[in-house]
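# Residue-level structure breakdown
Residue-level listing of the chains:
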Amino acid sequence: MEIRETEKIYIITPLSPKLNERESLKLEAEILNSTDKRIGIDLSFVHDCTIDFINRIKNLKNVSLFNIPSDIFAILTSMNLDKTIPLFVSEMDFIADKHQLLNRKFTVL
């Protein structure tokens with residue numbers, strides 16, 4: 001796990017290709033021990049995740065995800081977690097707090 005910290009943000013990069021229960025517990029412990037800064041999780045090295053990761057990330061506050069693989073993004077949007085967890089395309093978007101990913105379900109009447 002790689003951790004980068006600046007004055008306002010705290011970025012955690014899991015180096016494991018799969019976020020299972022063990023990795024999720026380590027990630028949660030690191031997030032809970034961090035300060036009141038904005039926390040971002042860089043998923044650029046992650047290829048797969050389990051339901052343990054999704055349940056733990058869902059219960060945490062002040063956490064954003066970026067560099068999300070398409071498979072994980074599809075799971076998050078199908079579970080409507082894009083409404084509760086801020087999702088960003090890149091680290092620059094997270095730092096600027098702009099261009100948040102939203103799945104809007106429009107219908108034609």
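The following refers to the structure shown.

About the criteria used
- Residues numbered from 1 in each chain as written.
- Predicted model: local features only at pLDDT ≥ 70, side-chain atom pairs only at ≥ 80, totals over all residues.
- Heavy atoms only, no water.
- Helix = DSSP H or I, 4+ residues; strand = E, 2+ residues; numbered from the N terminus.
- Buried < 20%, exposed > 50% of the residue type's maximum accessible area, 1.4 Å probe, protein only.
- Pairing = 2+ DSSP bridges.
- Right-handed = clockwise from strand over helix to strand, strands pointing away.
- Contact = heavy atoms within 4.5 Å.
- Phe/Tyr/Trp six-rings, centres within 6.5 Å; stacked < 30°, edge-to-face > 60°.
- Lys NZ or Arg CZ within 6 Å of the ring centre and 35° of its normal.

Across its full length, the protein holds four helices and seven strands. The secondary structure elements of the protein, listed N-terminal to C-terminal, are β-β-β-α-β-β-α-β-α-β-α. A principal-axis box enclosing the C-alpha atoms of the protein has dimensions of 50 × 30 × 20 Å. Counting all 109 residues of the protein, 39% fall into the buried class.

Burial of the side chains of strand β6 (residues 63-66) extends over both faces: Val63 and Leu65 are buried on one face and Ser64 and Phe66 on the other. Relative to β6, strand β4 (residues 38-42) runs parallel, the two being bridged by four bridges. Among the inter-strand pairings, Asp42 is bridged to a residue of β6, identified as Phe66. Looking at chain direction, β6 and strand β7 (residues 87-88) are connected through two bridges and run parallel. Across the sheet, residue Phe66 finds its bridge partner in β7, namely Phe88. With helix α3 (residues 70-78) bridging β6 and the parallel β7, this β-α-β connection has right-handed handedness.

Next up on the list: the environment of Ile12. Inspection of the secondary structure assignment puts Ile12 in strand β2 (residues 9-13). The exposure class assigned to Ile12 is buried, which follows from its relative accessible area of 0%. As for Ile12 and Phe94, which are separated by 82 residues in sequence, their C-alpha atoms are 12 Å apart. When neighbours within four sequence positions are excluded, Ile12 is seen to be in contact with Met1, Glu2, Ile3, Leu27, Glu30, Ile31, Ile39, Gly40, Ile41 and Asp42.

On to the packing of aromatic side chains, then. Applying the stated rule across the entire model yields two aromatic pairs. A centroid spacing of 5.3 Å and a plane angle of 20° characterise the contact between Phe66 and Phe94, whose relative ring orientation is stacked. With Phe66 in strand β6 and Phe94 in helix α4 (residues 91-96), the pair connects residues that are 28 residues apart, well separated along the chain. For the pair shown, Phe66 and Phe94 are each scored as buried. Judged by centre distance (6.0 Å) and plane angle (65°), the ring pair of Phe88 and Phe94 falls under edge-to-face. Accessibility classification places Phe88 together with Phe94 in one group, the buried group. Chaining the aromatic ring pairs together yields one cluster made of Phe66, Phe88 and Phe94. A cation sits over an aromatic face here: Arg38 above Phe94, 4.3 Å from the ring centre.

These results come straight from atomic positions and should not be treated as a statement about function.
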